[in-house]
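Take a look at the letters that make up each chain.
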Amino acid sequence: MNLKHSKFLTETPDFSRVTNLEELVLKGCISLYKVHPSLGDLNKLNFLSLKNCNMLKSLPSSICDLKCLEVFILSGCSKFEELPENFGNLEMLKEFYANRTAIRVLPSSFSLLRNLEILSFKGCKGPPPSTSWLLPRSSNFCSLVWSPLSSFSSLKTLRLRACNISDGATLDSLGFLYSLEDLDLSENNFVALPSDISQLSHLKMLGLENCKRLKALPKLPTSIRILMACNCTSLETISNQSFGSLLMTVRLKEHIYCPINRDGLLVPALCAVIFGSRIPDWIRYQSSGSEVKAELPPNWFNSNFLGLALCVITDPRSGLVSLAEFFGLFWRSCTLFYSTSNHASSSFDVCTYPNHLKGKVESDHLWLVYVPLPHFINWHQVTHIKASFRITTFMRLNAIKECGIGLVYVNEEVNYSVFSPPSNESSVVLQEIHEEEPRGSGYSNIDGSELENSGYYSADEGEPTAPLL
């Protein structure tokens, strides 16, 4: 049953005569304030959307009788404050979205949702003028959320962007979410992450955008594919272990060869965007502008070689370009040219980053992309590599200040401090190359299928639509 955008609907009908209903969509019913108790009679219902029902404040307790419900969307119900006490009876619930609601208390039964895979509370800051979610008076909302999360062994996605999580919140339960793949903690107020985040062996995406009090990153799990730390303006250092664990990703067998996405671009095994203004010293070949060349030393290729680290420093042009324009309107890729000892040459394109980010750039940022060893190249014969980075907006601004190529080997130590100058003993080799305007003018989606399915960069917050409607 699809009643979405029925803007004059104030109460739902009696559902007692349509008990075979499997999907119910009430999205955008902006006048709806009451749901009929017969909703609980829909014992075959598996999809329920009440998104953006602005007047809805509560639900009948009978909703807890929906034993087949798998997807429940409450996002945008800005006046909705409290879930029914027996909410945990929704034993088949897999996805729950409550973004931008006024929920401040989670019922004690919430921890019974053992099959939950996606949990999203984006923008649940609590009612103004509070600075944290105080439930009860001595504890904040986030500690109440974290407490039952340790029992969610199936949870794969957790989104708590802009939830006023501060140092008073208990983040220690993160280490118990062993199945977690996508974690978004952006726009919060904590200073540090728990060290046991390294135990999340399936974590692929970590969002820390606009965490302006975050001072350091701990050791990260080797499974990480995407790290977003834009505008983390207090971030002082990234430890050896942290950067090292990012590049250790390549040791996993599934990352030995670089996959190709539907647009014919190589998909990197690691993407990171970090607040900073200097390319790390271990990125050996560096240049100003958008192009860098590497003349490789003899015997550079051996059994320990894993792949290439590509790096750029981007310029926000004094804040004139918003992050939505700075990232979202870019078409970004890198072309790698290579030549061999017998003077043959060729090239291939690399997808450098997905393209749905929000906010405003406040300073220079470092982009780091790791490309595992592409199997279709005879690396033994390669003597020269050139990387040409392209970042183009509708305003045609060239936002690249510097770029670099690094050779990544097994067990190689790396170190990076965001602000410290290069050491005199650094192995950095600078090759100044005449800066060119970035080439390419297309505007295409170049993210891989895994990123599309994650919802992390989705314009609609990753919330699904009804499968059959």
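Per-chain numbering applies: the sequence of each chain, read as written, is numbered from 1 onward. Given that this is a predicted model, residues contribute local features only at a pLDDT of at least 70 and side-chain atom pairs are listed and counted only at 80 or more, while totals for whole chains, interfaces and linings are drawn from all residues. Only hydrogens and water are set aside; all other atoms, that is, all heavy atoms of the structure, feed into the side-chain values.

**Some details on the overall build of the chain**
In step 1: Each helix is a run of DSSP H or I of at least 4 residues and each strand a run of E of at least 2, with the numbering of both proceeding from the N terminus. Secondary structure assignment for the chain yields 4 helices and 22 strands.
In step 2: For every residue, the accessible area (1.4 Å probe, protein chains only) is compared with the maximum for its type, and the residue is labelled buried under 20%, exposed over 50%, or partly exposed between those bounds. Buried positions account for 55% of the 469 residues belonging to the chain.
In step 3: Contacts: residue pairs with any heavy atoms within 4.5 Å of one another. Long-range pairs, those at least 24 residues apart, make up 66% of the contacts in the chain with a sequence separation of at least 6.
In step 4: Values of accessible area rely on a 1.4 Å probe in the Shrake-Rupley scheme; residue burial ignores everything except the protein chains shown. Put simply, the chain shows about 20,000 Å² of open surface, and 49% of that area lies on carbon and sulfur atoms.

**Some details on the side chain of threonine 335**
In step 1: Positionally, threonine 335 belongs in strand β16 (residues 331–340).
In step 2: Classification of threonine 335 as buried rests on a relative accessible area of 7%.
In step 3: For the purposes of these results, a polar contact is taken to be a pair of N or O atoms within 3.5 Å, where, inside protein, one atom must be able to donate a hydrogen and its partner to accept one; residues adjacent in sequence count only when each atom of the pair is a side-chain atom. Polar side-chain contacts of threonine 335 include one of 2.6 Å to the side chain of aspartate 349.
In step 4: Excluding residues that lie within four positions of it along the chain, threonine 335 makes contacts with Ser347, Phe348, Asp349, Lys386, Ala387, Ser388 and Arg390.

**Points about the state of the cysteines**
In step 1: The disulfide criterion used throughout: a pair of cysteine sulfur atoms within 2.5 Å. A complete count under the given rule lists 0 disulfides for this structure.
In step 2: Between cysteine 77, a free cysteine, and cysteine 53, which holds the nearest cysteine sulfur, the sulfur-to-sulfur gap is 5.0 Å.
In step 3: Its relative accessible area of 0% is what places cysteine 77 among the buried residues.
In step 4: We note that cysteine 334 lacks a disulfide partner, and the nearest cysteine sulfur, in cysteine 403, lies 8.2 Å from it.
In step 5: Cysteine 334 sits in the buried class, given a relative accessible area of 0%.

**Focus: the pattern of salt bridges**
In step 1: Salt bridge, as used here: a side-chain nitrogen of Lys or Arg that lies within 4 Å of a carboxyl oxygen of Asp or Glu. Per the stated rule, a full pass over the model turns up 8 salt bridges.
In step 2: Among the ionic pairs, arginine 278 bridges to aspartate 281, the shortest N-O distance being 2.5 Å. Each member of the pair arginine 278 and aspartate 281 is classed as buried.
In step 3: It is possible to trace a salt-bridge network through shared partners that takes in Arg161, Asp184, Glu187 and Glu209.

**Remarks on the nonpolar core**
In step 1: Membership of the largest hydrophobic core comes to 80 residues, with the highest contact counts inside it found for Leu39, Leu50, Phe72, Phe96, Phe110, Phe121 and Leu208.
In step 2: The set of elements that each furnish at least two residues to this core consists of β10 (226–229), β12 (270–275), β15 (305–314) and β18 (365–372). Here the nonpolar core consists of buried residues drawn from Ala, Val, Leu, Ile, Met, Phe, Trp, Tyr and Cys, with membership extended through side-chain atoms lying within 4.5 Å.

**Details of the packing of aromatic side chains**
One pair of aromatic rings is described through two measures. These are the centre distance and the angle between the planes.
In step 1: Two rings belonging to Phe, Tyr or Trp (six-membered ring only in the last case) form a pair when the distance between their centres is within 6.5 Å. Interplanar angles under 30 degrees mark stacking, angles over 60 mark edge-to-face geometry, and anything in between is tilted. Within this structure, the stated rule accounts for 14 aromatic pairs.
In step 2: Their ring planes at 35° and their centres at 6.1 Å tell us that phenylalanine 72 and phenylalanine 87 sit as a pair that is tilted. Of the two residues, phenylalanine 72 sits in strand β3 (residues 71–73) while phenylalanine 87 sits in the loop between β3 and β4 (95–97), which places them 15 residues apart along the sequence.
In step 3: Given the relative accessible area of 0%, phenylalanine 72 is considered buried.
In step 4: Look at phenylalanine 87 and you get buried, because its relative accessible area is 0%.
In step 5: On the numbers, 5.1 Å between centres and 50° between planes, the contact of phenylalanine 87 with phenylalanine 96 is tilted.
In step 6: These aromatic residues form a ring-pair network of at least three members: Phe72, Phe87, Phe96, Phe110, Phe121 and Phe152.
In step 7: In this analysis the charged atom, NZ for Lys or CZ for Arg, is taken to sit over a ring once it is within 6 Å of the ring centre and within 35 degrees of the ring normal. Across the ring face of phenylalanine 337, the terminal group of lysine 386 is positioned such that the distance to the ring centre comes to 4.7 Å.

**A closer look at the confidence of the model for the chain**
In step 1: Looking at the chain as a whole, the pLDDT averages 76, with 68% of positions reaching at least 70.
In step 2: What pLDDT expresses is the predictor's confidence in each residue, scored from 0 to 100. Here residues 127–140 scores under 50 on pLDDT; set against residues more than four positions off or in separate chains, the count is 26 contacts.
In step 3: The low-confidence segment residues 318–331, where pLDDT is below 50, has 51 contacts with residues more than four positions distant or belonging to other chains.

**Describing the side chain of serine 120**
In step 1: Relative to the elements of secondary structure, serine 120 occurs in strand β5 (residues 118–120).
In step 2: Reaching out from serine 120, the side chain makes a polar contact with the side chain of asparagine 99 at a distance of 2.5 Å.
In step 3: Excluding its chain neighbours within four sequence positions, the residues that come into contact with serine 120 are Phe96, Tyr97, Ala98, Asn99 and Arg159.

**A word on the environment of leucine 308**
In step 1: Note on placement: leucine 308 falls in strand β15.
In step 2: As a C-alpha pair, leucine 308 and isoleucine 405 span 97 residues in sequence and 6.8 Å in three-dimensional space.
In step 3: Setting aside chain neighbours within four positions, we find leucine 308 in contact with Leu336, Val369, Tyr370, Val371, Trp379, Ile385, Ile405, Gly406, Leu407 and Val408.

**Side note on unusual backbone geometry**
In step 1: Here the phi dihedral of asparagine 52 falls at roughly 60°; this positive angle occurs in a residue that is not glycine.
In step 2: For asparagine 52, the location among the structural elements is in the loop between β2 (47–49) and β3.

**Let's talk about the environment of leucine 24**
In step 1: One can find leucine 24 in strand β1 (residues 23–25).
In step 2: For the pair formed by leucine 24 and leucine 50, sequence separation is 26 residues and the distance between their alpha carbons is 8.7 Å.
In step 3: Look past the residues within four positions of leucine 24 in its chain and what remains in contact with it is Met1, Phe15, Leu39, Leu45, Phe47, Leu48 and Ser49.

**Here's the deal with the environment of lysine 215**
In step 1: By secondary structure assignment, the location of lysine 215 is in the loop between β8 (205–207) and β9 (216–217).
In step 2: Take lysine 215: its relative accessible area is 44%, and that puts it in the partly exposed class.
In step 3: Between the alpha carbons of lysine 215 and cysteine 232 there is a distance of 8.0 Å; along the sequence they are 17 residues apart.

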